[in-house]
Amino acid sequence: HLNSYPYARKIGFIEGTLQIYIDGQLFYEDIYANVHELAQQLAKWLLKMDSGHATDFLYACIDSEEHLLQFHLQGDHVQVYAPYEEQAFEPVPIETVKQAVLKYCINLHIALTRIGYKYRLEDELKQLVSENKWALILFESNHYDEAFAIFEKRAKKAPSVESLNNFAYLLLHEEEDYERAWNVLQQLLPIQPQSDFPYLMLG
């Protein structure tokens, strides 16, 4: 949840409310979190993890001498720790933490893009997600033309269930180009005849 301070967009510092839940219980909350600073560091941690350089995460916040949020690796699990939180949880599977971190970075990037904030996470996310996922992020960020161009290119050069489904959906619901959508769906049906989605769009 981003704050609404108008000067934040100009000086490159934006705060928000950050809440972290573990097993459905609130573990960490900061109502004045420097959300972009945190996301940048989390994205760099993800990139290290994906490149095989497993390492702990220590959030170096400009507003605090302590590491306000920490991930300590324990085999294939992560112990999530915050110095000011009294409640302790069992270590969490590392893949669960990585998925949550990526989701946070994606959602924050979309929110920052929608408000026109000067700093985002484009460079980091392009390295962390597939081209198809990046196109979906562009679409959610209201960069429709860029997203459409990627979906169209992927449907033509690397037709797959994912790329054809996405392209057909855009043609049908955004472009209202029923003929092209029909043709794309005819390509898709033989690849995955058991899927509901092509038939729903045909209908």
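Everything that follows concerns the structure shown earlier in this document.
Treat the numbers as computed from the prediction; the structure is a model and nothing was measured.

### Examining the environment of Lys156
Here's step 1: In this fold, Lys156 is placed in helix α6 (residues 144-157).
Here's step 2: Through-space distance from the C-alpha of Lys156 to that of Val184 is 9.7 Å; in sequence the pair is 28 residues apart.

### A closer look at the pattern of salt bridges
Here's step 1: Overall, the coordinates contain 8 salt bridges when judged by the stated rule.
Here's step 2: Of the charged contacts, one joins Arg114 and Glu140 as a salt bridge, the two residues approaching to 3.6 Å between their closest N and O atoms. Linking Arg114 in helix α3 (residues 94-114) with Glu140 in helix α5 (residues 131-140), this pair joins segments that are 26 residues apart in sequence.
Here's step 3: We classify Arg114 as partly exposed; its relative accessible area is 49%.
Here's step 4: For Arg180, the salt bridge is made with Glu152, and the minimal N-O distance between the two is 2.8 Å. On the criterion of sequence distance, the pair formed by Arg180 in helix α8 (residues 178-191) and Glu152 in helix α6 is long-range, its members being 28 residues apart.
Here's step 5: Assessed through its relative accessible area of 31%, Arg180 is described here as partly exposed.

### Concerning the environment of Asp63
Here's step 1: Examined against the element boundaries, Asp63 turns out to sit in the loop between β3 (57-60) and β4 (67-74).
Here's step 2: Note: C-alpha distance between Asp63 and Gln192 (129 residues apart in sequence) is 52 Å.

### Comments concerning the pairing of strand β1 (residues 16-22)
Here's step 1: Burial along β1 is one-sided: Gly16, Leu18, Ile20 and Ile22 are buried, and none of Thr17, Gln19 and Tyr21, which face the opposite way, are.
Here's step 2: Pairing geometry for β1 and strand β2 (residues 25-33), over 6 bridges, is antiparallel. Paired with Leu18 across the two strands is Asp30, which belongs to β2.
Here's step 3: Counted along the chain from β1 to the antiparallel partner β2, the turn is 2 residues long, and its residue Asp23 has a positive phi close to 55 degrees.

### Remarks on the state of the cysteines
Here's step 1: Applying the stated criterion across every chain yields a total of 0 disulfides.
Here's step 2: Between Cys61, a free cysteine, and Cys105, which holds the nearest cysteine sulfur, the sulfur-to-sulfur gap is 16 Å.
Here's step 3: On the basis of relative accessibility, which here comes to 11%, the residue Cys61 falls in the buried class.
Here's step 4: The class of Cys105 is buried, set by a relative accessible area of 0%.

Scoring rules and cut-offs
Residues numbered from 1 in each chain as written. Predicted model: local features only at pLDDT ≥ 70, side-chain atom pairs only at ≥ 80, totals over all residues. Heavy atoms only, no water. Helix = DSSP H or I, 4+ residues; strand = E, 2+ residues; numbered from the N terminus. Salt bridge = Lys/Arg side-chain N within 4 Å of Asp/Glu carboxyl O. Buried < 20%, exposed > 50% of the residue type's maximum accessible area, 1.4 Å probe, protein only. Pairing = 2+ DSSP bridges. Disulfide = S-S within 2.5 Å.

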